[in-house]
Amino acid sequence: MPVTVGAARTSSVWVGDRMLGRAAEVAAGDGFVHLELSGRVGGLGGLVASTEHWLTPPKDAALPRATVSIVGVERTGARTARVTLRSDRTAAFVTLESPSVVGAFSDGGFLLRAGEERTLEFEARTDFAVGVEGFEMLPGLRVRSLRDTYVE
């Protein structure tokens, strides 16, 4: 539900325990609220920030089993690559690991909403071998989310 607040003003957007308009249908463990802040910054309009607010501690959330897929890997430099992910369902605290190439990803844990694509940058500690393309990182890449850590 969009809410408009004037420039240089504050406003209470939500107070109380009735959330999402139908509180009786939404249990706290069923999810989160996605919040976006848009407006004019430096003469430009658009999205300024976005975040999620969990309605319960994530460990108590009823998380769906999601399939997070690697949809693209591209080498962008001697030590850098770009990896794009997509999920069929919302996945919380998604992480990528590359045991075959030592380095770090630009984000260490994030929420990936259903159908959304997310691109991460990867920087290796040393140069990739000459001729190595980004897709050669794929065999060792591992994607996990919080739901994948559950014992069933």
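What counts, and at which threshold
Residues numbered from 1 in each chain as written. Predicted model: local features only at pLDDT ≥ 70, side-chain atom pairs only at ≥ 80, totals over all residues. Heavy atoms only, no water. Pairing = 2+ DSSP bridges. Helix = DSSP H or I, 4+ residues; strand = E, 2+ residues; numbered from the N terminus. Axes fitted to C-alpha atoms, helices over the stretch in contact; angles between N-to-C directions.

Student: Any chance you could explain the sheet that holds strand S3 (residues 68–75) here in plain terms?
Tutor: Strands belonging to one sheet form pairs held by backbone hydrogen bonds; the direction of such a pair is parallel or antiparallel. Spatially, four strands are ordered S3-S4-S8-S6 in an open sheet, and the strand pairing comes out antiparallel. This sheet does not close on itself; its edge strands, each paired only once, are S3 and strand S6 (103–105). Here the strands of the sheet are splayed against their neighbours by 25° on average, with no regard to which way each runs. Bridge count between S3 and strand S4 (residues 80–87): seven bridges; the pairing is antiparallel. Along S4, the bridge assignment pairs Ser69 with Arg86.

Student: Sorry if this is basic, but what is going on with the sheet that holds strand S9 (residues 142–144) here?
Tutor: Judged by pairing direction, the sheet is antiparallel, and its three strands sit side by side in the order S7-S5-S9 without closing on themselves. Both outer strands of the open sheet, strand S7 (110–112) and S9, are each paired with one neighbouring strand and no more. Put simply, the sheet's adjacent strands are angled 45° from each other on average, direction ignored. Pairing geometry for strand S5 (residues 91–97) and S7, over two bridges, is antiparallel. From the neighbouring strand, Ala91 faces S7, where its bridge partner is Leu112.

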